[in-house]
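Here is how the chains run, residue by residue.
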Amino acid sequence: MPLWTIHHTPGIFSAADKHELASRITDHYQRVGLPRFYVVALFQETAPDDLYVGGEPTPVGVRIVIDHIARRAGDKETRQRIAGGIKKILTPFLDRHPGLHWEFHVDETSEDLWMINGLIPPPGGSEAERRWATENEASRY
């Protein structure tokens, strides 16, 4: 499950931008085999006087925290490819804002502590996971 928590100052994302960005994020993970419903994007508007970088309030800023649970990167090259893919998803939305401070990081957490609708998700790449992806819903397996 990728969870993208996107903290941003006002005016960075319109409702249409949020929908398009969430769709692009979801499309990316679907291309690598994850069910679409695994992907969650949470937009959190943050007042400029509540977002500090280097101890100073940041008038235009975005800070993204991404949790990867369904898959793990095996090596440095894969992690760099993932970071590059994330940058590619974000750049069209963030380059429009002059003076914007933006950053992201990805945490990889244990899939052993993850459930969807009370179900432990099937192993990555398994037939059950492919069925979940095709049906776009969690079901017993």
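Further up the page is the structure itself.
A quick note: this is a predicted structure, and the numbers were derived from the prediction, not measured.

What counts, and at which threshold
- Residues numbered from 1 in each chain as written.
- Predicted model: local features only at pLDDT ≥ 70, side-chain atom pairs only at ≥ 80, totals over all residues.
- Heavy atoms only, no water.
- Helix = DSSP H or I, 4+ residues; strand = E, 2+ residues; numbered from the N terminus.
- Buried < 20%, exposed > 50% of the residue type's maximum accessible area, 1.4 Å probe, protein only.
- Contact = heavy atoms within 4.5 Å.
- Lys, Arg positive; Asp, Glu negative; His and termini not counted.
- Charge placed at Lys NZ, Arg CZ, Asp CG, Glu CD.
- Expected span 1.5 Å × (residues − 1).
- Bend = angle between axes of the 7 residues up to and from the residue.
- Polar contact = N/O pair within 3.5 Å; in protein donor to acceptor, adjacent residues only side chain to side chain.

Colleague: Where do I start with the overall build of the protein chain in this structure?
Modeller: When its secondary structure is counted, the protein chain shows three helices and six strands. Of the regular secondary structure in the protein chain, the N- to C-terminal order runs β-α-β-β-β-β-α-β-α. Looking at the protein chain as a whole, 36% of its 141 residues qualify as buried. The long-range fraction of contacts in the protein chain, counting pairs at least 24 apart against all pairs at least 6 apart in sequence, stands at 71%. Where the 16 positive side-chain charges of the protein chain centre and where its 20 negative ones centre are 6 Å apart.

Colleague: Help me understand helix α2 (residues 76–94), please; the structure alone is not making it clear to me.
Modeller: An α-helical turn contains 3.6 residues, so a residue and the one three or four places further along point in the same direction. Here α2 is 19 residues long and its end C-alpha atoms lie 26 Å apart, about the 27 Å a rise of 1.5 Å per residue gives. Roughly 25° is the biggest bend found in α2, and it falls at Lys88, with proline Pro92 one to four residues downstream. For α2, every residue scored as buried is listed here: Thr78, Gly85, Ile86, Ile89, Leu90, Phe93 and Leu94. Packing partners of the buried residues in α2 comprise β1 (2–8), α1 (15–31), β5 (61–68) and β6 (101–108). At the N-terminal end of α2, a side-chain oxygen is found 3.2 Å from the backbone nitrogen of Glu77, two or three residues along, and the residue is Asp75.

Treat this as a map of the structure, not an account of what it does.
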